[in-house]
Amino acid sequence: GVERERARERLDEAVARAREIARPALFARAVLARVHRTEIVGLSDSHTVDLLAEALAMLGDTSPALAAALRSRRAIELRYAPGGSAEALREVEEAIALARRSGDPGALAAALEDASLVRWSVEDPEAWLALNREIAAAAREGNDTELLFLGVKGIATAHLALGDRPALAEEMERCAQIAEAHPSPLLRAVVSGLRGARAFLDGDLDAAERFAIEGASAGLDSVTPLAAGQLYYHRLETGRLAETLDAVRSFAAESPGIAIWPIASARALVACGRTNEARAALRSVGRLATIPKDRNWLSAVALFAESAVLLGDRDAMREAREALAPHARVNVVMGNGSLFAGQTAHYLGMLCTALGERREAKAYFDRALRMHRAMRSEPWCLRTQAEQLHLAASEADAPPDPSAAASTIERAEALGMVSCADRARAAIEGTGEVG
């Protein structure tokens, strides 16, 4: 908006003035204040990368803590630059080393938090858990409430990805306690998002919608996309996904480097019956191997897989299966804890069913159902049961059990899960369609 542009102009003036008077520390702080939130738009800004390098050169060895902040921020920028992943990792490791040498626990917590945006958690969720425990410990020592909160939220996210519901509940409660003791709009909005995630997990769609709307109304750049994702998921479950199309396209335009938005647009187009446009939207994403493996990656590819199955796009299905197969044990977590979207094995089961790989599909669904039961998530048990009906429908000698189908449909409808009920009904009717 206008105010944001005005603030950016003022920060540019501050950067120019600090450069003019040759004050390295002041220049570094002005540059750090000016940099934009790359992780929201998903694109690197070469001007920002250059500014950060200039600040590092001007600062020299005078302030390890400031240098750590500049390097970790530069790592985030490079993370989204073409071919920048390796350099980003080197930068963030150097930032952490500088922060440790500085002896400043606040600087260390900040560098580690930036590292959480550069390192991809799903490839090693145990390492993600350890990283966020260190963030929380350093932030506590440095008396930084916001970073402590983010570290605890990261711990909760790791437990969600690994499927430890008791530990998840404990860390969510810690987040709520921190937000209550140190109230701020950001902390309150994030806690609202976590409560929405728990409501989705439990199948309380009315409460989940209320929490999502509450988060969206906070007007915070870092929270609005997460709340929008929750509302999107609510509309998907309740059979109202077509309502989201304009909003999703708007987010895609505002965040051109975030692949989940065009994929979400494709899924909404499927719900509208606009299959040709949906196929074009999926193709616009490009190869899945080129999507940055950031916090959005797994949820984006999972939604891509679901869309490909519903469209019957076998090439897209094979690509999605190859991308998801190494992560079958991990749960799909959207937006760093704002939504549990089932175990990756669930989507692999859908893909294998559609590709005619029935034995593999059965094993994946069995695995997903065990996880969804361990998470005590009836909605995701129902979703997997609906897909198992499609697997049974593909086997001539073992058609779907009418009583199992009726039970799945009845419970899905009771929870307001219109799309799940329609999906189960389609398996019995042999249409393969979804709401």
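Residues numbered from 1 in each chain as written. Predicted model: local features only at pLDDT ≥ 70, side-chain atom pairs only at ≥ 80, totals over all residues. Heavy atoms only, no water.

(A) Layout of unusual backbone geometry. Non-glycine residue Asn143 carries a positive phi angle of around 60°. Mapped onto the elements of the fold, Asn143 is located in the loop between helix H8 (125-141) and helix H9 (145-162). Judged by its relative accessible area of 69%, Asn143 is exposed. Within the chain, Arg376 stands out as a residue other than glycine whose phi angle is a positive 55°. One can find Arg376 in the loop between helix H20 (358-374) and helix H21 (378-393). (Helix = DSSP H or I, 4+ residues; strand = E, 2+ residues; numbered from the N terminus. Buried < 20%, exposed > 50% of the residue type's maximum accessible area, 1.4 Å probe, protein only.)

(B) The pattern of salt bridges, seen in detail. Under the criterion given, the structure shown has 30 salt bridges. Where Arg74 meets Glu87, a salt bridge forms, and the shortest distance between an N and an O atom there is 3.5 Å. With a gap of 13 residues between them, Arg74 in helix H5 (residues 64-79) and Glu87 in helix H6 (residues 85-102) connect regions that are remote in the sequence. In this structure, Arg295 engages Glu113 in a salt bridge whose closest nitrogen and oxygen atoms are separated by 3.8 Å. Of the two residues, Arg295 is situated in the loop between helix H16 (275-284) and helix H17 (297-311) and Glu113 in helix H7 (residues 105-118); the sequence distance between them amounts to 182 residues. Arg295 sits in the partly exposed class, given a relative accessible area of 22%. (Salt bridge = Lys/Arg side-chain N within 4 Å of Asp/Glu carboxyl O.)

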